[in-house]
Amino acid sequence: MKKITILIFTSFLIGLVSCNQMDKKSKSLNIIPKPVKVVQEKGFFTITGKTRIAKPMHGKDGSTAAYLQSVFKSAGVPVPELCEPFEEKNVIRFEYAADEELGWEGYTLEVTRSKIEIKANEPEGLFYGVQTLLQLLPPEVFESQKTERKEWKVPCCKIWDRPRFEWRGMHLDVSRHFFPVEFIKRYIDLIAMHKMNVFHWHLTDDNGWRIEIKKYPLLTEIAGWHVDRENMPWRKVTPPGPGEKATYGGFYSQEEVREIIKYAEERYINIIPEIEMPGHTSEVFAAYPELSCTGKKLYVQPGSYWPNADILCAGKEETFGFIEDVLEEVIALFPSLYIHIGGDEADKTRWLECTLCQQRIRKEKLKDENELQSYFIRRVENFLNSKGKKLIGWDEILEGGLAPDATVMSWRGFKGGIEAAEQGHKVIMCPTSHCYFDYYQANPDFEPEAIGGFTSLKKVYSFEPVPEGLSEENAKFILGAQGNVWTEYIKTPSHAEYMSVPRMTALAEVVWSPADQRDWTDFRKRLNIHFKRFDALKVNYSKGSWKVDIQPVLENGIYKVTLTSEQPDIPIHYTADGTDPSANSPVYKKPLAFSNSVVIKAGLFESGNLMEAFTVKEIVFHNAIGKTGTLKDPPSKNYFASGAASLTDGLKGSENFKDGYWIGFEGTDMDLEIDLNEDLPISSVEASFYQQAGSWIFMPEKVVFQIFDNNHILVAESEIKTTTPLGKNDAIIEKFSAGFENLKARYIRVIAVNIKTCPEWHVGKGSKAWVFADEVIVNGKH
Ligand SMILES: [Zn+2]
């Protein structure tokens with residue numbers, strides 16, 4: 001039997017290959033994430049009252065058939081009854097087929113006029129085949145009530161599909177705000193619909209402990225609740241008043257946890273529980289103060305708790321006893337191989353002052369508090385390993401040395417991920433720049449308040465989980481990626497949906513589809529159909545950014561400017577004279593060329609109405625525009641914009657250093673040399689820099705301007721010191737300008753000298769300081 005299956009399968013593949021011509025023309029049938037191969041054919045399969053579902057021939061698991069039946073039943077699709085496996089006509093068939101190429105999550109789906117056939121090696125594959133089948137049906141199939149629709153047609157096609165990454169995750173923080181069981185299930189459904197397979201459940205943090213631990217009942221009786229400050233801004237909440245009751249919070253009983261795990265298993269989603277340690281544990285000290293260094297009883301934080309000073313004492317043996325007891329119960333509940341232990345943002349102040357922690361450092365011959373953290377994590381890892389489990393932690397667990405078998409979640413950019421992979425550790429990528437879905441996704445003026453940052457849908461879609469510069473050998477340690485939803489500013493299920501989708505949708509394609517098949521415009525079109533599925537599911541999704549993005553482009557050496565948006569079919573109207581555009585202003589069609597400085601204002605107009613505030617950008621036309629310089633040290637990946645090209649693109653940054661026009665250098669100087677390609681008159685060179693001490697960004701101490709002739713001989717030099725006080729925390733932009741007389745030259749070097757480390761009085765003292773630059777302007781009349 002098996003042999004026959006393989007034979008049939010091979011011919012199916014050959015069929016696909018010969019259809020390659022068609023493949024190019026064929027649509028992706030609006031499936032998200034985009035399958036590896038889709039061939040659309042003529043005709044339809046129609047589901048009627050007489051359609052049957054055939055049981056798998058040699059069933060490891062028949063639950064997917066039941067799952068499909070239940071989805072059909074809710075939406076009012078005629079529910080096919082089960083029939084024997086050998087039925088061939090008017091049937092939806094599931095079959096286990098041996099095909100190595102498909103892996104354990106791949107599937108094939110073939111729709112002809114007479115049958116629908118899903119084949120896979122494992123139940124996971126069959127489940128993903130069903131998800132694709134659902135997307136081939138009208139969006140009403142996602143309704144939870146019987147719809148009016150009478151006809152249920154599936155276009156004939158052949159699909160061959162498998163995921164790119166094995167870790168396709170979504171995270172949810174239920175500590176900052178508590179979310180009910182019903183929402184957790186809905187969130188799991190959304191994850192499943194996107195063929196993602198990990199739910200990272202952030203169960204404990206400073207604002208509340210959310211999982212029942214039988215041995216420590218006070219964790220949920222006391223540490224799960226805080227005083228209600230829901231009406232106050234997160235960063236400005238007031239502490240509990242005398243005798244004030246803790247009324248906000250909640251927790252999941254072990255029974256509820258089991259129920260959720262079962263629900264997730266039926267959707268092939270692995271739940272990774274996270275129990276934070278040694279930091280982000282202040283809520284524990286409301287219940288068990290003896291576990292901290294000071295032993296002081298704290299209250300559960302009703303809002304922002306920063307810095308994260310009260311952490312578990314690493315000197316006391318009771319701490320490890322507590323952790324092992326808690327983990328023992330967690331392990332008994334969760335079948336997951338991985339247990340997440342947090343490990344992030346642990347402030348070491350208390351450890352420095354604690355006699356027991358210092359004793360531990362001496363006894364274990366550790367160098368410092370970073371090594372004490374490493375000792376802590378290693379000890380927990382030993383325990384987890386002894387129970388057959390593996391440890392995951394945020395990238396801070398690299399500090400002081402990584403535990404031998406730990407998996408790292410790289411959130412502070414790409415660096416931690418690269419470092420861990422180079423040491424041979426497994427890595428999950430979730431850099432804030434692309435994967436933090438608590439950041440703004442559109443113009444903050446029109447959005448519910450978010451924690452900050454800016455991660456647009458387009459930015460998520462552009463994410464490449466394998467960091468640049470990682471060798472092919474080490475790239476295999478990148479298991480995949482996940483989106484993180486922290487809930488400081490997210491109080492309700494509906495808001496959590498708004499922040500999660502469609503960014504989750506974009507990420508799903510990043511982690512599932514082949515990298516070379518990603519196409520933003522095509523995705524954006526398919527997304528409009530996907531939105532109808534969300535409508536049917538009554539999901540409160542975000543319609544994304546309605547802002548116009550203004551970017552430079554060089555076309556045959558000529559400097560031009562492009563105007564784009566995330567709404568492919570909505571016209572962009574613009575002006576270049578500083579006036580407000582209207583629906584009568586020119587519609588943007590192709591890149592715009594300029595030969596002098598202008599102010600561009602642009603906006604999206606739907607049916608004549610402006611949809612969001614204008615984007616306004618001044619283009620400073622100067623001698624170096626479009627002439628890319630060379631940087632001695634590259635900018636940080638997180639604030640890279642277009643690298644050196646951003647410094648001569650005519651576009652200046654705004655007061656928001658995350659606007660994509662500023663580039664940032666962490667701990668290094670900005671040392672740029674521009675080649676004008678010929679001797680040109682130079683009357684002045686200017687460059688602007690940015691300071692916001694609270695974000696560890698400081699003005700350069702000084703900026704050195706050097707001018708070289710055609711033979712690279714220095715002909716002029718000027719040094720300008722900053723006039724901005726170091727302590728100034730408000731966003732400030734300072735222009736450094738050097739004037740020159742009667743000068744013609746070819747090369748210009750600009751060195752902005754970084755203060756290198758944050759000053760003594762600063763919270764980040766000793767850590768690398770940033771320099772941010774937007775544009776180097778070279779003036780001079782031809
Ligand atoms: Zn201590």
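Draft legend 1. Here's a closer look at unusual backbone geometry. Looking along the chain, the bond that leaves Met277 and enters Pro278 is cis, with omega of -15 degrees. Among the structural elements, Pro278 can be located in the loop between β14 (270–277) and α8 (284–287). Across the junction of Val501 and Pro502, the peptide omega takes the value 10 degrees, indicating a cis bond. Mapped onto the secondary structure, Pro502 falls in the loop between α17 (493–500) and α18 (503–512). The phi dihedral of Asn677 falls on the positive side, at around 75 degrees, and the residue is not glycine. Take Asn677: it is sitting in strand β29 (residues 670–691).

Draft legend 2. Local environment of the layout of surface pockets. Here the second largest pocket is characterised by a volume of approximately 500 Å³. Along the wall of the second largest pocket there are 21 residues; nearest its centre are Val71, Phe142, Ser144, Asp189 and Leu537. When contributions to the lining of the second largest pocket are tallied by element, the ones reaching two or more residues are α3 (63–75), α4 (123–136), α5 (181–193) and α19 (520–537). At five residues, the largest contribution of residues to the lining of the second largest pocket is made by α5. Broken down by class, the residue content of the lining of the second largest pocket amounts to twelve nonpolar, four polar and five charged.

Draft legend 3. Here's a closer look at the coordination of the zinc ion. For the zinc ion, the protein coordination sphere consists of Cys293 (SG), Cys313 (SG), Cys354 (SG) and Cys357 (SG), at 2.3 to 2.4 Å. Every donor counted, the four donor atoms about the zinc ion form angles of 107 to 114 degrees at the centre, which fits tetrahedral coordination.

Draft legend 4. Geometry of the packing of helix α9 (residues 317–333) against helix α12 (residues 369–386). For the pair α9 and α12, interaxial distance at closest approach is 11 Å and the crossing angle is 40 degrees. For the element pair α9 / α12, the angle class is oblique. α9 and α12 meet at a crossing whose hand is right-handed. In contact with Glu317, Thr319, Phe320, Ile323, Glu324, Leu327, Glu328 and Ile331 of α9, α12 contributes Tyr375, Phe376, Arg379, Val380, Phe383 and Leu384.

Draft legend 5. Focus on the sheet that holds strand β16 (residues 390–394). Spatially, eight strands are ordered β8-β9-β14-β15-β16-β17-β18-β19 in a closed barrel, and the strand pairing comes out parallel. The mean inter-strand angle of the sheet, taken between neighbouring strand axes irrespective of direction, is 30 degrees. In this sheet, β16 lies alongside strand β15 (residues 338–342) in parallel orientation, the contact comprising three bridges. Paired with Tyr338 across the two strands is Lys390, which belongs to β16. Those strands touched by α9 are β14 and β15, and its axis lies near 170 degrees from that of β14.

Draft legend 6. Representation of empty space enclosed by the protein in the model. Under the defined criterion, the tally for this structure stands at three cavities of 30 Å³ or more. In terms of lining, the largest cavity is formed by Trp209, Ile275, Glu276, Met277, Thr281, Val284, Leu312, Phe322, Ile323, Val326 and Leu327. For the lining of the largest cavity, the secondary structure elements donating two or more residues are β14 and α9. With four residues, the top contributor of residues to the lining of the largest cavity is α9. Among the residues making up the lining of the largest cavity, the classes are represented as nine nonpolar, one polar and one charged. The wall of the second largest cavity is formed by Asp438, Glu449, Ala450, Ile451, Trp486, Glu488, Tyr489, Ile490, His495 and Met499. Across the lining of the second largest cavity, the residue classes tally to six nonpolar, one polar and three charged.

Draft legend 7. Inspection of the packing of α5 against helix α7 (residues 254–265) at higher detail. Where α5 meets α7, the axes come as close as 10 Å, and the angle between the chain directions of the two elements is 20 degrees. When the axis of α5 is compared with that of α7, the two are roughly parallel. α7 is crossed by α5, and the crossing has right-handed handedness. The segment α5 lies against α7, with Val181, Ile184, Lys185, Ile188 and Asp189 engaging Glu256, Glu259, Ile260, Tyr263 and Ala264. Class assignment of the residues belonging to the contact of α5 with α7 gives a composition of six nonpolar, no polar and four charged.

Draft legend 8. A look at the side chain of Ser545. Position of Ser545 among the secondary structure elements: in the loop between α19 and β20 (549–555). Its relative accessible area of 5% is what places Ser545 among the buried residues. Only 3.1 Å separates the side chain of Ser545 from the backbone nitrogen of Lys547, close enough to count as a polar contact. If sequence neighbours within four positions are ignored, Ser545 has contacts with Gln441, Ala442, Glu566 and Gln567.

Draft legend 9. Structural context of the environment of Lys781. Locating Lys781 in the fold gives a position in the segment after β33 (770–779). The exposure class of Lys781 is exposed, given its relative accessible area of 79%.

Draft legend 10. Structural context of the sheet that holds strand β21 (residues 558–564). Across the sheet, three strands lie side by side as β20-β21-β23; this open sheet has antiparallel pairing. Whereas interior strands pair on both sides, the edge strands pair on one side only; in this sheet they are β20 and β23 (592–593). Where β20 meets β21, seven bridges bridge the pair, whose relative direction is antiparallel. Bridged to Glu555 within β21 is Ile558.

Draft legend 11. Focus on the packing of aromatic side chains. Inspection of every chain in the model, using the stated rule, returns 40 aromatic pairs. For the pair Phe127 and Tyr268, a centre-to-centre distance of 5.3 Å together with 55 degrees between the ring planes defines the contact as tilted. You can see Phe127 sitting in helix α4 and its partner Tyr268 sitting in the loop between α7 and β14, a full 141 residues away along the chain. When sorted by exposure, Phe127 lands in the same class as Tyr268, which is buried. On the basis of an interplanar angle of 65 degrees and a centroid distance of 5.1 Å, the ring pair of Tyr639 and Phe772 is categorised as edge-to-face.

What counts and how
Residues numbered from 1 in each chain as written. Predicted model: local features only at pLDDT ≥ 70, side-chain atom pairs only at ≥ 80, totals over all residues. Heavy atoms only, no water. Helix = DSSP H or I, 4+ residues; strand = E, 2+ residues; numbered from the N terminus. 1 Å grid on protein atoms, 1.4 Å probe; cavity = no way out; pocket = protein on both sides within 12 Å on 5 of 7 lines; lining within 4 Å. Points joined across faces, edges and corners; volume = space filled by probe spheres on them. Nonpolar A, V, L, I, M, F, W, Y, C, P; charged D, E, K, R; others polar. Donors = N, O, S within 2.8 Å, 3.2 Å for Na, K, Ca; no water. Tetrahedral: all angles 85-135°; square planar, octahedral: opposite > 155°, others 65-115°. Axes fitted to C-alpha atoms, helices over the stretch in contact; angles between N-to-C directions. Parallel < 35°, antiparallel > 145°, perpendicular 65-115°, else oblique. Left-handed = near helix turned anticlockwise from the far one by under 90°. Contact = heavy atoms within 4.5 Å. Pairing = 2+ DSSP bridges. Buried < 20%, exposed > 50% of the residue type's maximum accessible area, 1.4 Å probe, protein only. Polar contact = N/O pair within 3.5 Å; in protein donor to acceptor, adjacent residues only side chain to side chain. Phe/Tyr/Trp six-rings, centres within 6.5 Å; stacked < 30°, edge-to-face > 60°.

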